[in-house]
Amino acid sequence: MKLHEYQAKEVFRKSGIPVPNGVVVASTDEVDGVIRQINGPPWVVKAQVHAGGRGKGGGVRVAHSPDNVKTATMDILSHPLVTKQTGPEGKKVLRVLIEEGAEIEGEYYLAMVMDRSKARPVMIFSPAGGMDIEEVAEKTPGLVQREHVNMQVGWMPYQGRTLAYRLNPQPGPDTLKELMAVMDKLYHIFIDYDCSLVEINPLVITKQGRVLAVDAKMDLDDNALFRHKDMRGLADPMEKDPLEREADKYGINYIRLEGNIGAMVNGAGLAMATMDVIKMAGAEPANFLDVGGGASEEMITKGFEIITRDERVKAILINIFGGILRCDVLARGVLAAAKKIEIRVPLIVRLEGTNVEEGRRILEESDLEFLVAKDMAEAAELVAKQG
Amino acid sequence: MSILVDENTRVVVQGITGKEGSFHTQQMLAYGTKVVAGVTPGKGGQKAESVPVFHTVQEAVAKEGVNTSCIFVPPPFAADAVMESASAGIHVIVCITEGIPILDMVRVMEMIKGKDCVLIGPNCPGIISPGKTKVGIMPGPIHRPGEVGVISRSGTLTYEVVDQLTRVGLGQSTCIGIGGDPIIGTSFIDHLKRFHDDPGTAAVVLIGEIGGSAEEEAAEYIQTGFSKPVIAFIAGQTAPPGKRMGHAGAIISGGKGKAEDKVQALENAGIRVDRDLGNLGQTVLDVLRIKKGYHPPE
């Protein structure tokens, strides 16, 4: 679960990581009422969306008067923000964060992430702040330092020293101390909130020698939300596609894609492979949809409804390899959906596995029109014909 | 032959009285697996699916001589269940549970380091040595005893591939689902090493997907130390970056974990990567014929 910058900064503030003072507004009208609470000029006006590259996309503005702040706020709120992560249609911005400006001496990158192959969290620190860290790591790997953490021991002061004292030129001793304190706090946020990522880019050292988190990014482990009930309310459903939101309600794994062949599959791996098969056949998948290993008839019905509500969909491929999910349950779910909604596009069904005979019989004896594919290869051929 | 589990495998099911645990205990028993104990704290002394239930894994080891565990415990308690098995001296721990917090898995990995146990999963279908035993949730009847080893990060995609293998006449020595989570107990390499040493395995099918770098690491290992034919398939060629494709571990992030990079790494290591899932079984058969003059039993 991703947090917005202003939400992550609230966590930082509580944990003692210094952040600029700021206020979130959802309309230009609110600006007058809050602008006096924040030191300025200058002010910084920042779009609050879950997408990187906001600065380049015009989602971060510096304003030198309250009127400037209003214009910037209006401008950001009235246009979808396009960044390299949003796609060409961009993302509608519903809130902006107005913050006091900082006098910047140096910009750094600091993050805690999970290293999958080492099965340990790792602190990443770089003097190349404010830039795309993946690019920095690729082009100038010497500028990216890493410290893995043994969770049985926790983050140790020596690790902070190892990272901080490598800086050249060296900040003053008080600044270094602050920097190491921020590292320690970042580790504790990562653990306490069950994060998969906490990132500060840039982490700034000001002209006054203070350390300040000018940006904040937090991603919480969805699987751990059961022990962070207070954080759940911070989820922003508006960040998702409406059909994805609907699928979430029923616990269906659905991701909307760009193509026009709808797909309903059981199991994430097979669902991905089915998307690939559609592409190999010369078409484009409209979605990823995994109804899960043990889907109920109701979930199948819901999944099918969601696909048919996507107007771009020109054909639907159902690919089920029954293991725990039985083919007869699938067949009944599809029929239940077909009773509720009119299916105006060709339907291709490929069933295999547990209770496959029963599943096929149920479909054949119904008045549902559909094409049968006996295996993946034939499913691909039939999909290609729908082009 | 087979690896890790066979007819001598004695299974304890952790979470045997739950809905999934009891259903799959039935299924395993029907396949012929020696499920000889169950564990549900507080329900010791009862029976589930005619199997004796104990409060702890330690009791199950002492009374029934179990050497393998199969875990269906809900996510908040699953890490604890894995550690209990490891601490009780269980050799093969199969964790089916999906949805375990990643930090819990970090703690598990630190805890089992140096212990004589192999953790398969979590978020996996389990392991099967066809004709001998199945420890997990895969449909038994699609498998046949034979000489192809299968290692996969997925569940149903593995069933698809196994079904194709069986249909072209290729049986399997052992099929392992290593799990779809970002942190899993064992990697492709761990099991490739076992298949390497298993005289009953003639070739290995490796089924990967987007996210992480396990396939790249496997490619490197195969190039330097693996002599049997490997045929690979990578799911997620069309997956967009930044989106989690069902499995917690299936995500392209920061430009890393793309299917194409994995395919490249494997092909560079001389491994046959099949892009057409519909023909994977046939491809494996062709490779075996060419490399080994192999003829499947009729």
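Just so it is clear, the model here is predicted, and its values are computed rather than measured.

A few words now on the overall build of chain B. On a plain count of helices and strands, chain B comes out with 9 helices and 14 strands. Against the compact-globule benchmark of 19 Å for 298 residues, chain B has a radius of gyration of 19 Å, which places it among compact chains. In terms of its C-alpha atoms, chain B occupies a principal-axis envelope of roughly 55 × 50 × 30 Å. Contacts in chain B between residues at least 24 apart in sequence constitute 73% of all its contacts with a sequence separation of at least 6.

Below, the discussion takes up unusual backbone geometry. The linkage connecting N201 of chain A with the following residue, P202 of chain A, adopts the cis geometry, with an omega of 10°. With respect to the helices and strands, P202 of chain A occurs in strand β8 (residues 195–206). Put simply, G121 of chain B and P122 of chain B share a cis peptide bond, and its omega is 5°. Relative to the helices and strands, P122 of chain B resides in the loop between β7 (118–120) and β8 (126–129).

This next bit is on the domain arrangement of chain A. Put simply, an interface is often sized by how much accessible area is lost when its parts join up. What the domain assignment lists for chain A is domain 1 (1–20 + 102–238), domain 2 (21–101) and domain 3 (240–386). A C-alpha centroid distance of 41 Å is found between domain 2 of chain A and domain 3 of chain A.

Before going further, it helps to examine the pattern of salt bridges. Counting across every chain of the model gives 48 salt bridges over all chains. In this structure, the salt-bridge partner of E215 of chain B is R153 of chain B, at a minimum N-O distance of 2.7 Å. Taken together, the residues E215 of chain B in helix α7 (residues 214–225) and R153 of chain B in the loop between β10 (145–152) and α5 (156–167) connect sequence positions 62 residues apart. Take R153 of chain B: its relative accessible area is 4%, and that puts it in the buried class. A cluster of three or more residues bridged by salt bridges with shared partners is formed by E5, K9, K46, R54, E99 and D215 of chain A.

The next subject is the interface of chain A and chain B. Each side of the interface is counted separately: chain A has 46 residues, and chain B has 57 residues. Buried area between chain A and chain B, summed over both chains or domains, comes out near 3,900 Å², and the portion from carbon and sulfur atoms is 63%. Taken as a group, R116, M272 and F321 of chain A account for 18% of the area that chain A buries against chain B, more than any other trio of residues on that side. Viewed at the interface, chain B and chain A are joined by 6 salt bridges. Across the pair E244 of chain A and K243 of chain B runs a salt bridge, and its minimum N-O distance is 3.8 Å. The interface formed by chain A and chain B includes 10 residue pairs in polar contact (both at pLDDT 80 or more). Elements with a contribution of two residues or more to the side of chain A that touches chain B: β6 (120–126), α6 (173–192), β11 (253–256), α9 (268–280), β14 (315–322), β15 (347–353) and α13 (376–386) of chain A.

Further remarks concern a nonpolar patch on the surface. Residue and element names in this part refer to chain A. A surface patch of nonpolar side chains, amounting to about 280 Å² of accessible area, comprises V153, M156 and Y158. Following the sequence through the fold, V153 ends up in the loop between β7 (145–148) and α5 (157–164). Using a relative accessible area of 53% as the deciding quantity, one classes V153 as exposed.

Residue and element names in this part refer to chain A. When we look at burial in α5, the residues that qualify are Q159, G160, L163 and A164. Down the axis of α5, the buried set is contained in an arc of 125°. They therefore lie on one face. Looking at the buried side of α5, the elements it contacts are β6, β7 and α6.

It is worth spelling out the pairing of strand β1 (residues 10–14) of chain B at this point. Residues and elements named next belong to chain B. Across the 5 residues of β1, 4 count as buried, placing the element largely inside the fold. Judged from the 5 bridges that link them, β1 and strand β2 (residues 34–39) form a sheet pairing that is parallel. Opposite V11, over in β2, you have V35 as the bridge partner. Once the chain exits β1 it traverses helix α1 (residues 19–31) before rejoining the sheet at β2, and the crossover so formed is right-handed.

Inside soluble globular proteins, nonpolar side chains tend to come together where they are buried. With 100 residues, the main nonpolar core has L192, V205, M245 and L277 of chain B as its most contacted residues. The greatest single-element share of this core, amounting to 8 residues, is contributed by α9 of chain A. Setting aside anything within four residues of it in sequence, one finds V205 of chain B in contact with V148, G149, V150, I151, V161, L165, I231, L280 and V284 of chain B. In this structure, M123 and L176 of chain A together with A37 and M109 of chain B belong to the second largest nonpolar core, which totals 73 residues.

With that settled, consider the packing of helix α6 (residues 188–197) of chain B against α7 of chain B. Residue and element names in this part refer to chain B. One way to put it is that α6 packs onto α7 with a least axis distance of 9 Å and a crossing angle of 30°. As summarised for this structure, α6 and α7 are arranged roughly parallel, according to the angle between their axes. Viewed along their axes, α6 and α7 form a crossing whose handedness is right-handed. In this structure, α6 uses F188, I189, L192, K193 and H196 to contact α7, whose residues at the interface are A214, E215, E217, A218, Y221, I222 and G225. Residues of the contact of α6 with α7, tallied by class, amount to 7 nonpolar, 2 polar and 3 charged.

Per the stated rule, a full pass over the model turns up 3 aromatic pairs over all chains. Both rings, one in Y108 of chain A and one in F125 of chain A, keep their centres 6.1 Å apart while their planes meet at 15°; by these two values the pair is stacked. Of this pair, Y108 of chain A sits in strand β5 (residues 104–115) while F125 of chain A is found in strand β6, placing the two residues 17 residues apart along the sequence. Judged by centre distance (6.2 Å) and plane angle (55°), the rings of Y221 of chain B and F226 of chain B are tilted.

Definitions and cut-offs
- Residues numbered from 1 in each chain as written.
- Chains lettered and ligands numbered in written order.
- Predicted model: local features only at pLDDT ≥ 70, side-chain atom pairs only at ≥ 80, totals over all residues.
- Heavy atoms only, no water.
- Helix = DSSP H or I, 4+ residues; strand = E, 2+ residues; numbered from the N terminus.
- Rg over C-alpha atoms; globule rule 2.2 N^0.38 Å.
- Contact = heavy atoms within 4.5 Å.
- Domains from an automatic or database assignment.
- Salt bridge = Lys/Arg side-chain N within 4 Å of Asp/Glu carboxyl O.
- Buried < 20%, exposed > 50% of the residue type's maximum accessible area, 1.4 Å probe, protein only.
- Buried area = accessible area lost by both parts, 1.4 Å probe.
- Polar contact = N/O pair within 3.5 Å; in protein donor to acceptor, adjacent residues only side chain to side chain.
- Patch = residues over 30% accessible without salt bridge, like charges linked within 9 Å, V, L, I, M, F, W, Y side chains within 5 Å.
- Areas by Shrake-Rupley, 256 points an atom, 1.4 Å probe, with all protein chains shown as cover.
- Arc of directions from axis to C-beta.
- Pairing = 2+ DSSP bridges.
- Right-handed = clockwise from strand over helix to strand, strands pointing away.
- Core = buried A, V, L, I, M, F, W, Y, C linked by side-chain atoms within 4.5 Å.
- Axes fitted to C-alpha atoms, helices over the stretch in contact; angles between N-to-C directions.
- Parallel < 35°, antiparallel > 145°, perpendicular 65-115°, else oblique.
- Left-handed = near helix turned anticlockwise from the far one by under 90°.
- Nonpolar A, V, L, I, M, F, W, Y, C, P; charged D, E, K, R; others polar.
- Phe/Tyr/Trp six-rings, centres within 6.5 Å; stacked < 30°, edge-to-face > 60°.

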